[in-house]
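Structural features, examined
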Amino acid sequence: MVSFELTEEQQLVQQTARDFATRELAPRAAERDRQAIFPAAELRKLAELGLMGINVPAAYGGAEAGVVATSLAVTEIARGCASTAVTVSVSNMVAEIICAFGTEEQKRKHVPRMTSGEYTCSAFALSEPHCGSDAAALRTTAKRVSGGWLLNGSKQWISHGDHSGVIVVWARTNDRPGAKGVSAFLVDKGAAGLIVGKHEEKMGLRGSTTVPLTFEDCLLPEGALIGVEGGGFAVAMTALDGGRIGVASQALGIGQAALDEARRYATERKAFGAPLAALEAIQFMLADCSVELEAARLLTLRAALLKEQKRPFTREASMAKVYTTETANRVCYRALQIHGGYGYTKEYAIERLTRDARVTTIYEGTSEIQRLVIGRDLVKD
Ligand code: CAA
């Protein structure tokens, strides 16, 4: 039986994130977007509130509050600032990777630094310039050498890779083709041979940095391998299943913020002698937004609950991601339409929300990849 009644702890996490987002994130979200300001100070405060390791055991400084609580927190943070939310979501995902696949030494070294805010954030480096959706085609190599591994190659689209205390990097460690030759490594910030490229000039999420990373004879210690040699692809896929719930949660927050803006504008703006909100054409748009966001919320919470209960959730995470991210884009479209010409200017938040929503159907697996995951699962024997 699946129940969506929130526990006291989940409500507390949600309220903590909501209060922080309202007080500290939303007021400067427009400025962060305009000037591309990375929210480093805010991320440290989020760590103090226990929100940088929500589903991490207390033994490593985590809040141990579970997957549903993580989803609720990311949604509230995104409602205030979508740029901050992507960093929170990815960092929580990386903390979970280390907890699930790391050695005791790796956990002790990194996870308390992630949860305490000593590391501003953490990154996930899978995509390469020539391959995003076809992740198993990656070309970065890690060769065994005396005392460790020599990493060479390039990664692309790495969210906050320049600010991260630790980066999980996927590389080919043997000649086996495709997914079988891939292993995962933990690379420390400032490692010799790690070169951080220039920030991408993005359409949205401008408060979050996105950089290419290059590895030139980057020497990693023996203990940098996470999981088993050749088992890295499954680590990436397992992490992305969870990460997709994070992106769905983020999109839900953006969509909710867009609906809030549309409602506010529709009640304030007058046309034909009455507020816009009195017009059925506007009410129908608001109603569609509300119905679709509610459906998206339930899909997202269901996927989160399945993961929390350690039941299979791959298909459900993809369903949540594809539906919620496409909903967020539809909601932003309608909300901007309700704003008329004003919505097309930077004076109103809906302009930024529309740009922020766009990438959610692309990163951590495009909508097409989600449909592929769902479709394959439906026809498997
Ligand atoms: N969980 C665990 N293992 C899984 C898995 C899952 N969900 N999905 C696949 N695997 C395993 C398979 O069992 C298989 O293992 P065996 O060979 O031992 O059986 C292996 O992985 C290969 O699986 P496939 O044959 O299905 O692999 P594929 O090459 O056909 O690719 C794919 C499958 C779903 C298309 C995958 O490549 C994919 O998800 N692509 C999208 C990648 C992606 O989401 N990138 C996002 C980048 S990160 C990002 O955006 C981060 C950011 O900073 C915001």
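Since we're looking at a predicted model, the values are computed, not measured. (Residues numbered from 1 in each chain as written. Predicted model: local features only at pLDDT ≥ 70, side-chain atom pairs only at ≥ 80, totals over all residues. Heavy atoms only, no water.)

**Brief notes about the site of the ligand**
As a structural note, the neighbourhood of the ligand is formed by 22 residues, with Ser133, Lys180, Asp241, Arg244 and Glu364 the closest of them. One of the side-chain nitrogen or oxygen atoms of Lys180 is found 2.6 Å away from an oxygen atom of the ligand. Arg376 places a side-chain nitrogen or oxygen 3.0 Å from an oxygen atom of the ligand. Calculation on the ligand without its partners gives an accessible area of 1100 Å², and the protein chains cover 69% of this total. When atom positions are compared with the pocket grids, the ligand is found to occupy the largest pocket. Those elements giving two or more residues to the shell around the ligand turn out to be helix H7 (232-268) and helix H11 (367-379). (Near = heavy atom within 4 Å. Polar contact = N/O pair within 3.5 Å; in protein donor to acceptor, adjacent residues only side chain to side chain. Areas by Shrake-Rupley, 256 points an atom, 1.4 Å probe, with all protein chains shown as cover. 1 Å grid on protein atoms, 1.4 Å probe; cavity = no way out; pocket = protein on both sides within 12 Å on 5 of 7 lines; lining within 4 Å. Sits in = over half its atoms within 2 Å of the grid points. Helix = DSSP H or I, 4+ residues; strand = E, 2+ residues; numbered from the N terminus.)

**Examining the pattern of salt bridges**
Evaluated as defined, the whole model comprises 24 salt bridges. Between Glu24 and Lys45 there is a salt bridge whose closest N-O contact spans 2.9 Å. Taken as a pair, Glu24 in helix H1 (residues 8-25) and Lys45 in helix H3 (residues 40-48) lie far apart in primary sequence, 21 residues in all. Looking at Lys45, the relative accessible area reads 35%, which means it is partly exposed. When the shortest N-O distance is used, the salt bridge between Arg32 and Glu42 registers 3.5 Å. Highlighted residues: Arg32 in helix H2 (residues 29-35) and Glu42 in helix H3, separated in sequence by 10 residues. Glu42 carries the same exposure label as Arg32, and that label is buried. (Salt bridge = Lys/Arg side-chain N within 4 Å of Asp/Glu carboxyl O. Buried < 20%, exposed > 50% of the residue type's maximum accessible area, 1.4 Å probe, protein only.)

**So, the domain arrangement of the chain**
Segmenting the chain into domains produces domain 1 (8-121), domain 2 (124-230) and domain 3 (233-379). Using only C-alpha atoms to locate each centre, domain 1 and domain 2 end up separated by 22 Å. At the junction of the two partners, domain 1 supplies 26 residues and domain 2 supplies 20 residues. Between domain 1 and domain 2, the buried area comes to about 1900 Å², and carbon and sulfur atoms account for 66% of it. Our count for the contact surface shared by domain 1 and domain 2 stands at one salt bridge. Close ionic contact of Lys109 with Asp188 constitutes a salt bridge, the shortest N to O distance being 2.7 Å. Taken together, the connections running from domain 1 to domain 2 amount to seven residue pairs in polar contact (both at pLDDT 80 or more). Taken together, the elements giving at least two residues each to the side of domain 1 that touches domain 2 come down to H2, helix H5 (82-101) and helix H6 (104-116). (Domains from an automatic or database assignment. Contact = heavy atoms within 4.5 Å. Buried area = accessible area lost by both parts, 1.4 Å probe.)

**Observations regarding the layout of surface pockets**
Of the pockets and cavities examined, the largest pocket occupies roughly 1200 Å³. Lining the largest pocket are 48 residues, and of these Ile362, Tyr363, Glu364, Gly365 and Thr366 lie nearest its centre. At the level of elements, H5, strand S1 (121-125), strand S3 (148-159), H7, helix H9 (314-339), helix H10 (349-358) and H11 are the ones that each hand at least two residues to the lining of the largest pocket. Of the residues in the lining of the largest pocket, the class split is 23 nonpolar, 11 polar and 14 charged. Looking at the second largest pocket, it is lined by 29 residues, and the ones nearest its centre are Asn55, Val67, Glu96, Gly242 and Lys307. For the lining of the second largest pocket, the secondary-structure elements that each account for two or more residues are helix H4 (67-80), H5, H7 and helix H8 (280-308). Considering every element that reaches the lining of the second largest pocket, the biggest residue donor is H5, with eight residues. Broken down by class, the residue content of the lining of the second largest pocket amounts to 12 nonpolar, 11 polar and six charged. Taken together, domain 1 (8-121) and domain 3 (233-379) each give at least three residues to the lining of the second largest pocket, which thus spans both. (Points joined across faces, edges and corners; volume = space filled by probe spheres on them. Nonpolar A, V, L, I, M, F, W, Y, C, P; charged D, E, K, R; others polar.)

**Focus on the pairing of S1**
Consecutive residues of a regular strand have side chains that alternate between opposite faces of the sheet. Counting buried positions over the five residues of S1 gives five, a clear majority of the element. What you see with S1 is no split at all: Cys121, Ala123 and Ala125 on one side and Ser122 and Phe124 on the other are buried throughout. As paired strands, S1 and strand S4 (residues 164-172) are joined by five bridges and run parallel to one another. Following the sheet pairing, Ser122 is matched in S4 by Val166. (Pairing = 2+ DSSP bridges.)

**What to know about the environment of Ala26**
As for its position among the elements, Ala26 is in the loop between H1 and H2. When the C-alpha positions of Ala26 and Ala82 are compared, they lie 9.5 Å apart, and in sequence the two are 56 residues distant. Non-local contacts of Ala26, meaning those with residues more than four positions away in its chain, are made with Ala21 and Gly80.

**Brief notes about the packing of H4 against H7**
Think of two packed helices as two axes; the pair is described by the angle between the axes and how far apart they sit. Two elements in contact, H4 and H7, have axes whose closest approach is 7 Å; the angle formed by their N-to-C orientations is 40°. On the basis of their axis angle, the class for H4 and H7 is oblique. Seen from above, H4 lies across H7 with right-handed handedness. Contacts from Ser71, Val74, Thr75, Ala78 and Arg79 in H4 reach Ile245, Gly246, Ser249, Gln250, Leu252, Gly253, Ile254, Gln256, Ala257 and Asp260 in H7. (Axes fitted to C-alpha atoms, helices over the stretch in contact; angles between N-to-C directions. Parallel < 35°, antiparallel > 145°, perpendicular 65-115°, else oblique. Left-handed = near helix turned anticlockwise from the far one by under 90°.)

**A few points about empty space enclosed by the protein**
Scanning the model with the defined rule gives one cavity of 30 Å³ or more in all. The space that makes up the largest cavity amounts to roughly 30 Å³. Ala29, Arg32, Asp33, Cys81, Ala82, Ser83, Gly207, Arg352 and Asp356 together form the lining of the largest cavity. At the level of elements, H2, H5 and H10 are the ones that each hand at least two residues to the lining of the largest cavity. Grouping the amino acids of the lining of the largest cavity by side-chain chemistry returns three nonpolar, two polar and four charged.

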